[in-house]
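Geometric and topological summary
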Amino acid sequence: MKPTFLAILTLLFVTTSSFSQTDSKNTSGLFYKFSIATTLSINESYVAFDDSDETLINPSALFVNNTLGFQFDKRTSIGLNLEYNWHSQQGLHFIPAYLSFQHSLNKNIEHAAFFARFGYGTLLGISNDFEKGNLYKFGLGGQFFLESNDNSILIGLDFTRKRFGYKTLDGLSSVSIFLEFMIF
């Protein structure tokens, strides 16, 4: 009877002490990220001080991204991305599926972090409307943590290079501005 009582008491003590040591901020685990981005281009038919409704800068592409990933620590994460890209000027549609790696450049991360990220993957040709090929991505940005929870908002620039077409001879490069919401 005494060994069972001692085992239960030890288990209770270990469980209580392990839960009392938990921090309110998560530093590792699974996350979900939703992103929207656009590529901007100069409107060649814009005339300054004209009464028309033309603007100097027009959006020329739209990117909608979903990411499921794992954060190793407060600075490093990896993600599996599924994205939809529409380039309106070229009339092209893409569905990239790629892996991304993100690492914070500053060590002291309290309310904000500046990061670099890289991605590589494939362009899924799920129908004749979508181009097949591969994708390379490089981005820089800032991650701003919300005070109320572990979620964050990310803002920055991405450089994307797509190779597609017959024997992937066609290419398309773009720089986009992104806004992301990360649920941790």
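Everything below is about the structure printed above this text.
Note that the coordinates shown come from a computational prediction; the quantities given were computed from them, not determined experimentally. (Residues numbered from 1 in each chain as written. Predicted model: local features only at pLDDT ≥ 70, side-chain atom pairs only at ≥ 80, totals over all residues. Heavy atoms only, no water.)

1. With respect to the environment of Gly171
Inspection of the secondary structure assignment puts Gly171 in strand β9 (residues 170–183). By relative accessible area, Gly171 is classed as partly exposed at 37%. With 38 residues separating them in the primary sequence, Gly171 and Gly133 have C-alpha atoms 9.4 Å apart. Setting aside chain neighbours within four positions, we find Gly171 in contact with Arg161, Lys162, Arg163 and Phe164. (Helix = DSSP H or I, 4+ residues; strand = E, 2+ residues; numbered from the N terminus. Buried < 20%, exposed > 50% of the residue type's maximum accessible area, 1.4 Å probe, protein only. Contact = heavy atoms within 4.5 Å.)

2. Things to note about the packing of aromatic side chains
Scanning the model with the defined rule gives 6 aromatic pairs in all. Measuring from ring centre to ring centre gives 5.2 Å for Phe94 and Phe164, while their planes differ by 70°; the resulting arrangement is edge-to-face. With Phe94 in strand β4 (residues 92–94) and Phe164 in strand β8 (residues 152–164), this pair connects stretches of sequence that are 70 residues apart. The aromatic ring of Phe145 is capped on one face by Lys74, whose charged end is 4.4 Å from the ring centroid. One residue, Arg117, lies across the ring of Phe178, its end atom 4.0 Å from the ring centre. (Phe/Tyr/Trp six-rings, centres within 6.5 Å; stacked < 30°, edge-to-face > 60°. Lys NZ or Arg CZ within 6 Å of the ring centre and 35° of its normal.)

Any functional reading would require information beyond the geometric quantities listed.
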